[in-house]
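Below, each chain spelled out in residue letters.
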Amino acid sequence: MTDTPVVGVLALQGDVREHLVALATTDAVARPVRRPEELAEVDGLVIPGGESTTISKLATLFGLAEPLRARVRAGMPVYGTCAGMIMLADKILDPRSEQETFGGIDMIVRRNAFGRQNESFEAAVHIAGIDGAPVEGVFIRAPWVESVGARVEVLAEHEGHIVAVRQGNALATSFHPELTGDHRMHELFVGMVRGTAAAAS
């Protein structure tokens, strides 16, 4: 990898275009990922919001589920937003039938914890490791983290609930940073991708 990392966005469902636009502002090459061969070409991956059960089923249908799990286990940097957070959880508190995750973060997540679609809201979120003003979080049928393991760093809470975490090369937020025009979460993630590449070289 050069100084310009290639960062994929899992393009099965959700805010794919918005994440691609946000990543492009960080001097990363942003690409949609729908097939295993596209996954093999990226240095890191964003898993966008959407519907976690649908993402799970489509990932299996497109042959991406097992290759993605393998790359996460191998240390590929990955960032999940909203439903993407659910997909990175090692355990879901209330999973739908046959729903599987990619794993990667030792946490238990509750789906739709902040309420239904019509209860969506925005809130200022102070993120550990991001200087300046709080990040504006857009919460849409958002999950929250019920509990974390010892290796997980809690980056942010909202009203007493964990909404941003990191474990090694895996990052997750309950909210949608791609919808606000504030790309500091994407910059944080791309910095993780660059750091991983530097350590491997």
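Residues numbered from 1 in each chain as written. Predicted model: local features only at pLDDT ≥ 70, side-chain atom pairs only at ≥ 80, totals over all residues. Heavy atoms only, no water.

Colleague: I'd love a proper account of the packing of aromatic side chains, names of residues and values included.
Modeller: Applying the stated criterion to the full structure yields six aromatic pairs. Seen from their ring centres, Phe-114 and Phe-139 are 5.3 Å apart, and the 65 degrees between their planes marks the pair as edge-to-face. In this pair, Phe-114 sits in the loop between β6 (105–110) and β7 (121–125) while Phe-139 sits in strand β8 (residues 135–139), placing the two residues 25 residues apart along the sequence. We classify Phe-114 as buried; its relative accessible area is 14%. Aromatic side chains Phe-121 and Phe-139 sit 4.7 Å apart centroid to centroid with 5 degrees between the ring planes, which places their arrangement in the stacked category. Of this pair, Phe-121 sits in strand β7 while Phe-139 sits in strand β8, placing them 18 residues apart in sequence. On the basis of relative accessibility, which here comes to 24%, the residue Phe-121 falls in the partly exposed class. Taken together through their ring pairs, the aromatic side chains of Phe-114, Phe-121, Phe-139, Trp-144 and Phe-175 make up a single cluster. (Phe/Tyr/Trp six-rings, centres within 6.5 Å; stacked < 30°, edge-to-face > 60°. Helix = DSSP H or I, 4+ residues; strand = E, 2+ residues; numbered from the N terminus. Buried < 20%, exposed > 50% of the residue type's maximum accessible area, 1.4 Å probe, protein only.)

Colleague: Break down the pattern of salt bridges for me, citing the residues and quoting the values.
Modeller: Once the charged atoms of two side chains with opposite charge are near each other, the side chains can pair. As enumerated under the stated definition, the model contains nine salt bridges in all. When the shortest N-O distance is used, the salt bridge between Arg-31 and Glu-41 registers 3.6 Å. Of the two residues, Arg-31 is situated in strand β2 (residues 29–33) and Glu-41 in the loop between α2 (36–39) and β3 (44–47); the sequence distance between them amounts to 10 residues. On the accessibility criterion, Arg-31 (34% relative accessible area) is partly exposed. Ionic pairing is found between Arg-69 and Glu-66, a salt bridge with its closest N-O pair at 2.6 Å. Of the two residues, Arg-69 and Glu-66 both sit in helix α4 (residues 65–73), three residues apart, roughly one turn of that helix. For Glu-66, a relative accessible area of 48% gives the class partly exposed. If you follow the salt bridges from partner to partner, you end up with Arg-35, Glu-37 and Glu-38 in one network. (Salt bridge = Lys/Arg side-chain N within 4 Å of Asp/Glu carboxyl O.)

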